[in-house]
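A structural walkthrough
For reference, the chains in residue letters:
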Amino acid sequence: MAQYPQSPLMGRMMSQPLLISSLIQHADRYYSDVEIVSRRVEGDVHRYTYRDCHRRSRQLANALTRLGVGMGDRIATLAWNGYRHLEAYYGVSGMGAVLHTINPRLHPEQIGYIANHAEDQYLLFDLSFTPIIEAAAPLCKTIKGFIALCDRASLPASDKIPNLMCYEDLIAAESDDYEWPLFDENSASSLCYTSGTTGNPKGALYSHRSTLLHSYASSMPDALNVSARDVVLPVVPMFHVNAWGLPYSVMLNGAKMVFPGPALDGKSLHELFEQEQVTFSAGVPTVWLGLLTYMAQNQLKFSSFKRTVIGGSACPPAMMKTLRGEYGVEVVHAWGMTEMSPLGTAGTLLSHHQKLSEADQQSKLEKQGRVIYGVDMKIVDDDGKELPWDGTTYGNLLVRGPWVVSGYFKSEGGDVLQDGWFPTGDVAVIDPEGYLQITDRSKDVIKSGGEWIGSIDLENIAVAHPAFIQAACIGVYPPKWDERPLLVVVKKPGMELTREELLAFYEGKIAKWWTPDDVVFTDALPLGATGKILKNKIREIYRDYKLPTA
Ligand code: AMP
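Residues numbered from 1 in each chain as written. Predicted model: local features only at pLDDT ≥ 70, side-chain atom pairs only at ≥ 80, totals over all residues. Heavy atoms only, no water.

What to know about the overall build of the protein chain
Within the protein chain, the regular secondary structure consists of 16 helices and 25 strands. Since a compact globule built from 550 residues should have a radius of gyration of about 24 Å, the 24 Å found for the protein chain is in line with a globular shape. Considering the protein chain as a whole, with its 550 residues, one finds that 56% of them fall into the buried category. Counting contacts in the protein chain only where the partners sit at least 6 residues apart, residues at least 24 apart contribute 67% of the total. (Helix = DSSP H or I, 4+ residues; strand = E, 2+ residues; numbered from the N terminus. Rg over C-alpha atoms; globule rule 2.2 N^0.38 Å. Buried < 20%, exposed > 50% of the residue type's maximum accessible area, 1.4 Å probe, protein only. Contact = heavy atoms within 4.5 Å.)

Structural data, given as structure tokens:
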């Protein structure tokens, strides 16, 4: 960690460490009766308040202390978005231990690898994941016990899970008399492994300080803009970069929190949005796809939903238009990554943009937005030379800031910074007003005749056509060119369109040489553990694809 010189005259302000426990203390004291509503694995809807959450988090801290958990120990979770998971967010980090959220969509072998790498001591899991735990338990070398997030009546009868404990019993045996300890704000608070599409996953180890600064900055008006008047439903899972920090920032602002649990289908989500009068949400584009398809089929509207942040992968402009135009929902297009806690940029307008036409405003908002204070960014060429912000020059995107990793857990991957900047692996352009536009992951870039073709642009155009719901564009190798774009698309049920009609749809929208060389129609695209389209899988499938021009 960098050390800085001290001034001969230091300020005379209180020095209070920025700790995660302070968020729940604040929420209990100043928003005690605000509700936390959770759809549970058990099927029912559970309600309680911030005060209850604080009380049970303290009981959990006592229970973990009794189990011998100490500062810096890693406690894993395999759980949906729900109140017990939230108690682990506060109970574990608050006592100085480290919350390690594991993505349950990983294979048991990957879960075993991650749990061993993290040296997890205990693992808390939702009942839906019992079969995964049974498969992964023998592979987990450091875990001393598995805690099922349920009451005694629902405890699974499994002889394949060693030292199986019941969460409700465990905390019921404890008093809520617990003083949150004070310690250095740079202590580790939570751990999240990157999706790791290539190589082993690597851990981003957040600190209390980085989490609190991210919570402040991400709740600002030109970022997520969360307030005490909001009802927030994080669709983004609590195992995907801490639900983009919402369990912290929502508590900081005293908003009502609604957790969807395992029910992420369009019908269940729409019902919960309406029942709880949700105003704000967050998720990756594929989640909205399911919800919007269900709503269109059933001619439904929202009565309270006003604003959502979409990120994790590029939000197609067509989706933004539908949400805004048909449902009155403002979309904040955000960009970030596990290594950035995750928020880096958010798409909102500047003052003078208010004079622009709606179409011009829309084209600004379609980009991934401007940095939130705390994050700094630049684009560089392959030699590390900084490139201009002219809206057309592509470069490798680098970032720095107090909630950006300085290296991975256990120094995996070695020294990752370049002159103090973190290389994101994304390729982007930045316009003169500082709006970032991600054109590709560097490993997904299509290079044709030495020039780059932006695959995200090509995908956005395909899904702007009413016949398509999903598209992925990859590079394939004909002999003549370095690489040429192949478009793989999923049609809407009942829609028919030919290859020629789709390619004609590109005319006038892009430079002619960007036009995909061919189109493949498929029933579904492979999705990764966080709901993102897996381009490396698609590239594998079509590696030997023969383009018609070849
Ligand atoms: P993860 O760490 O799994 O959340 O993945 C981070 C990566 O997702 C980034 O480096 C980007 O490649 C991609 N990503 C995140 N948000 C966006 C966005 N709004 N548009 C395009 N790509 C995005």
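Things to note about the side chain of Asp126
Structurally, Asp126 can be placed in the loop between strand E5 (120-125) and helix H5 (130-136). There is no salt bridge for the buried Asp126, and the closest opposite charge comes from Arg84, which lies 5.6 Å off by N-O distance. Within the structure, the side chain of Asp126 is placed 2.8 Å from the backbone nitrogen of Trp80, a separation counted as a polar contact. Look past the residues within four positions of Asp126 in its chain and what remains in contact with it is Val41, Leu78, Ala79, Trp80 and Leu149. (Lys, Arg positive; Asp, Glu negative; His and termini not counted. Salt bridge = Lys/Arg side-chain N within 4 Å of Asp/Glu carboxyl O. Polar contact = N/O pair within 3.5 Å; in protein donor to acceptor, adjacent residues only side chain to side chain.)

Remarks on the packing of aromatic side chains
Under the defined criterion, the tally for this structure stands at 15 aromatic pairs. Where Tyr48 meets Tyr83, the ring centres are 5.3 Å apart and the plane angle is 75°; that geometry is what we call edge-to-face. Highlighted residues: Tyr48 in strand E2 (residues 45-49) and Tyr83 in helix H3 (residues 83-94), separated in sequence by 35 residues. Tyr83 matches Tyr48 in its accessibility class, with the two residues each being buried. The interplanar angle of 65° and the centroid separation of 5.9 Å between the aromatic rings of Phe302 and Tyr327 together place this pair among those described as edge-to-face. You can see Phe302 sitting in the loop between helix H11 (285-297) and strand E13 (307-310) and its partner Tyr327 sitting in helix H12 (residues 317-327), a full 25 residues away along the chain. Accessibility classification places Phe302 together with Tyr327 in one group, the buried group. (Phe/Tyr/Trp six-rings, centres within 6.5 Å; stacked < 30°, edge-to-face > 60°.)

Remarks on the site of the ligand
In the vicinity of the ligand, 16 residues are found, and the nearest of them are Ala334, Thr338, Asp426, Arg441 and Lys532. Within the contact set of the ligand, an oxygen atom lies 3.1 Å away from a side-chain nitrogen or oxygen of His240. Gly312 is positioned such that a nitrogen or oxygen atom in its backbone is 3.0 Å from a nitrogen atom of the ligand. When isolated, the ligand has an accessible area of 500 Å², and the protein chains bury 91% of it. Of the residues forming the shell around the ligand, the biggest block, four residues, is contributed by strand E14 (residues 330-336). (Near = heavy atom within 4 Å. Areas by Shrake-Rupley, 256 points an atom, 1.4 Å probe, with all protein chains shown as cover.)

A closer look at the packing of H3 against helix H9 (residues 246-253)
Between H3 and H9, the shortest axis-to-axis distance is 11 Å and the interhelical angle comes to 85°. Here H3 lies roughly perpendicular to H9, going by the angle between them. Between H3, through Leu86, Tyr89 and Tyr90, and H9, the contact on the second element is made entirely by Pro247, Tyr248 and Met251. Within the contact of H3 with H9, the residues separate by chemical class into six nonpolar, no polar and no charged. (Axes fitted to C-alpha atoms, helices over the stretch in contact; angles between N-to-C directions. Parallel < 35°, antiparallel > 145°, perpendicular 65-115°, else oblique. Nonpolar A, V, L, I, M, F, W, Y, C, P; charged D, E, K, R; others polar.)

As for the pattern of salt bridges
Pairing is possible between side chains that carry opposite charge, provided their charged atoms lie close to one another. A full pass over the atoms with the stated rule returns 31 salt bridges. For Glu433, the salt bridge goes to Lys364, with nearest N and O atoms at 2.7 Å. Of the two residues, Glu433 is situated in the loop between strand E19 (422-430) and strand E20 (436-441) and Lys364 in helix H13 (residues 358-365); the sequence distance between them amounts to 69 residues. Judged by its relative accessible area of 14%, Lys364 falls in the buried class. In this structure, the salt-bridge partner of Asp431 is Lys367, at a minimum N-O distance of 3.1 Å. Linking Asp431 in the loop between E19 and E20 with Lys367 in the loop between H13 and strand E16 (370-371), this pair joins segments that are 64 residues apart in sequence. Across the pair, Lys367 and Asp431 agree in class, each one buried. Counted as one network, the salt bridges with shared partners bring together Arg40, Glu42, Asp44, Arg56, Arg84, Glu87 and Glu168.

With respect to the sheet that holds E14
The strand order across the open sheet formed by nine strands is E2-E1-E11-E10-E12-E13-E14-E15-E16, and the pairing between neighbours is mixed. With one partner strand each, in any of the chains shown, E2 and E16 form the two edges of the open sheet. Note: strand E10 (residues 231-234) against strand E11 (residues 256-259), two bridges, orientation parallel. In the sheet register, Val231 faces E11, and the bridge partner there is Lys256. The strands that helix H2 (residues 50-66) touches are strand E1 (35-39), E2 and E11; relative to E2, the one it contacts most, it runs at about 90°. (Pairing = 2+ DSSP bridges.)

Details of the pairing of E11
Judged by which residues are buried, E11 turns out to be covered on both faces: Lys256 and Val258 on one side and Met257 and Phe259 on the other are all buried. Bridge count between E1 and E11: three bridges; the pairing is parallel. Considered in E11, the bridge of Val37 is made with Val258.

A short note on the state of the cysteines
In protein structure, a disulfide is the covalent linkage between the sulfur atoms of two cysteines. Scanning all chains against the criterion turns up zero disulfides. Cysteine Cys315 is unpaired, with the sulfur of Cys473 as its nearest cysteine sulfur at 18 Å. (Disulfide = S-S within 2.5 Å.)

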